[in-house]
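Below, each chain spelled out in residue letters.
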Protein chains: 2
Amino acid sequence: MLDQQSLALYLCADSTFFAGRKLERILEEAIEGGVGIVQLREKTASSREFYEIARAALAITKARGVPLVVNDRLDIALAAGVDGVHVGQTDLPLSAVKRIAGSKLFVGVSAGTVTDAIAAENDGADYIGAGAVFPTTSKDDAGKAIGVERLAEICAAVRIPVVAIGGISLDNAASVMQAGVAGVAVISAILSQPDIFTAARNLKARIGR
Amino acid sequence: MLDQQSLALYLCADSTFFAGRKLERILEEAIEGGVGIVQLREKTASSREFYEIARAALAITKARGVPLVVNDRLDIALAAGVDGVHVGQTDLPLSAVKRIAGSKLFVGVSAGTVTDAIAAENDGADYIGAGAVFPTTSKDDAGKAIGVERLAEICAAVRIPVVAIGGISLDNAASVMQAGVAGVAVISAILSQPDIFTAARNLKARIGR
């Protein structure tokens, strides 16, 4: 259901970073530049607004064969008909998500330790979002940085793909890939750049997948 | 699935009104006093927190045969295994909620007009929450007051039960019942009182069901 190749460059599309640019345009340029999977993250929108955002995003991603993931909100993911849901440690328990989502969604889980990553794999996670690798200001609840060594330990401990997240930039992307991850997830490294397409293309070239 | 009798006195348990009191204690006293249905409303809790709150509330309500409803968050409702979900005009569309919830949950819908109430009934709502009947400060997004006449029009226009909400107090509860509603929903009229049990009991006596 989830093609590991798509994980190489993973965009967390948090609308607080859109800076007045349109969601549709951002996704078109990011995908054109090499983004293989998109996650929507909305912490202030109403449920109806988040649903409308997810529907609009899906029209773009589906036409380009790129999976769309909703952060936290399993109900929005199911209602909008996206491809996956991503849950962190302050979201619904993975077991409940799996029970409700059934085979309709793949499920990603955030993990900052080997223990959490193994537990998520055992409970049926389809991939791990591991981090924050480096200190980051893009995500309030990212937690303490785990570093590249811990990241490599997580990759070695599970069979499901691991995506690195947190503080990843053009400068450190190649070294992060060495830890054995399937890809890198970014917010600012793409969304804080003036040219979305070029930012994505340069990152994609640097990670070499 | 939803017994109309339970709707007579409907408590919207918004934790911003708990004033340091424990959820479990509030629900026990409210139900003892005559509350027949409880809705949980959390706008700042994380999904995990809301889920834990719903699980804790369910332990109280289930043991007393009182249905538990989650506001807005269909995913929390399904994960926690409560009885119903309530959606307003800024929440997920009713059609999507019905499709996902299937027969697992009853569904309440907020409506402020006859048109919205009829649409909700046609789309499968199990009850209408009609209001705000009077001006209220308990609910930020309650909208403009509709008054008792409009409330009576809504009651006359649909076959499903209607619960009045918004600005309902011990003083006006009896006159609201005259509009043809199945019951009244309150926040402050119970939660802003020092004695939850007595507040519920007095309201229950006043509405005469």
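This text follows the structure it describes.
Here's a quick rundown of the structure. Keep in mind that what you see is a predicted model, and the values were worked out from it rather than measured.

Conventions used here
- Residues numbered from 1 in each chain as written.
- Chains lettered and ligands numbered in written order.
- Predicted model: local features only at pLDDT ≥ 70, side-chain atom pairs only at ≥ 80, totals over all residues.
- Heavy atoms only, no water.
- Helix = DSSP H or I, 4+ residues; strand = E, 2+ residues; numbered from the N terminus.
- Rg over C-alpha atoms; globule rule 2.2 N^0.38 Å.
- Buried < 20%, exposed > 50% of the residue type's maximum accessible area, 1.4 Å probe, protein only.
- Contact = heavy atoms within 4.5 Å.
- Areas by Shrake-Rupley, 256 points an atom, 1.4 Å probe, with all protein chains shown as cover.
- Lys, Arg positive; Asp, Glu negative; His and termini not counted.
- Charge placed at Lys NZ, Arg CZ, Asp CG, Glu CD.
- Salt bridge = Lys/Arg side-chain N within 4 Å of Asp/Glu carboxyl O.
- Expected span 1.5 Å × (residues − 1).
- Disulfide = S-S within 2.5 Å.
- Least-squares fit on C-alpha atoms with pLDDT ≥ 70 in both.
- Pairing = 2+ DSSP bridges.
- Right-handed = clockwise from strand over helix to strand, strands pointing away.

**So, the overall build of chain A**
Looking only at helices and strands, chain A features nine helices and eight strands. Relative to a compact globule of 209 residues, whose C-alpha radius of gyration would be 17 Å, chain A shows 15 Å and is just as compact. By principal-axis analysis of the C-alpha atoms, chain A measures approximately 40 × 40 × 30 Å. Out of the 209 residues belonging to chain A, those deemed buried represent 56%. Expressed as a percentage of contacts within chain A between residues at least 6 apart in sequence, the contacts between residues at least 24 apart total 61%. Accessible surface computed for chain A: about 8,600 Å², of which carbon and sulfur atoms make up 48%. Computing the positive centroid from 21 side-chain charges and the negative centroid from 23, chain A places the two 3 Å apart.

**A short note on the pattern of salt bridges**
Inspection of the entire model under this criterion finds 14 salt bridges over all chains. The salt bridge partner of A:D72 is A:K43, with a shortest N-O separation of 3.1 Å. Separated by 29 residues along the polypeptide, A:D72 in the loop between β3 (68–71) and α3 (74–80) and A:K43 in the loop between β2 (37–41) and α2 (47–63) bring together distant segments of the chain. Classification of A:D72 by relative accessible area gives buried; the value is 7%. The partner of B:R73 in a salt bridge is A:D75, and the shortest N-O contact between them spans 3.9 Å. Of the two residues, B:R73 is situated in the loop between β3 (68–71) and α3 (74–80) and A:D75 in helix α3; the pairing between them involves two chains.

**A word on helix α2 (residues 47–63) of chain B**
Helix length check: α2(B) (17 residues) gives 24 Å between terminal C-alpha atoms against 24 Å at 1.5 Å per residue, within 8%. Once α2(B) finishes, B:G65 follows within two positions and takes phi at roughly 70°, a positive value.

**Focus: the state of the cysteines**
Residue and element names in this part refer to chain B. By the definition in use, this model includes zero disulfides over all chains. The thiol of C12 is unpaired, and the distance to the nearest cysteine sulfur, on C155, comes to 16 Å. For C12, a relative accessible area of 4% gives the class buried.

**Some points on unusual backbone geometry**
Phi is mostly negative for residues that are not glycine, and the peptide bonds are mostly trans. Residue and element names in this part refer to chain A. Between G131 and A132 the backbone carries a cis peptide bond, its omega angle lying at -5°. A positive phi angle is found at A19, which is not glycine, with a value near 50°. Secondary-structure assignment places A19 in the loop between β1 (9–14) and α1 (23–33).

**Brief notes about the relation of the copies chain B and chain A**
Between chain B and chain A, which share one sequence, the superposing operator has a rotation angle of 180° and an axial displacement of 0.0 Å; the RMSD is 0.0 Å. Such a combination of rotation and displacement between the chain copies is what one expects of a two-fold axis. Within chain B, B:D75 has its C-alpha nearest the rotation axis, a separation of 2.4 Å. Mapped onto chain A, 100% of the interface residues of chain B again fall at the interface, so both copies present the same surface.

**Regarding the pairing of strand β1 (residues 9–14) of chain B**
Residues and elements named next belong to chain B. Most of β1 is tucked away, with six of its six residues classed as buried. Across the two faces of β1 the burial is the same, with L9, L11 and A13 and Y10, C12 and D14 all buried. Examined bridge by bridge, β1 and strand β8 (residues 183–186) share three bridges and lie parallel to one another. From the neighbouring strand, L11 faces β8, where its bridge partner is V186. Relative to strand β2 (residues 37–41), β1 runs parallel, the two being bridged by five bridges. Of the residues in β2, the one forming a bridge with D14 is R41. Viewed along the sheet, the connection from β1 through helix α1 (residues 23–33) into β2 turns out right-handed.

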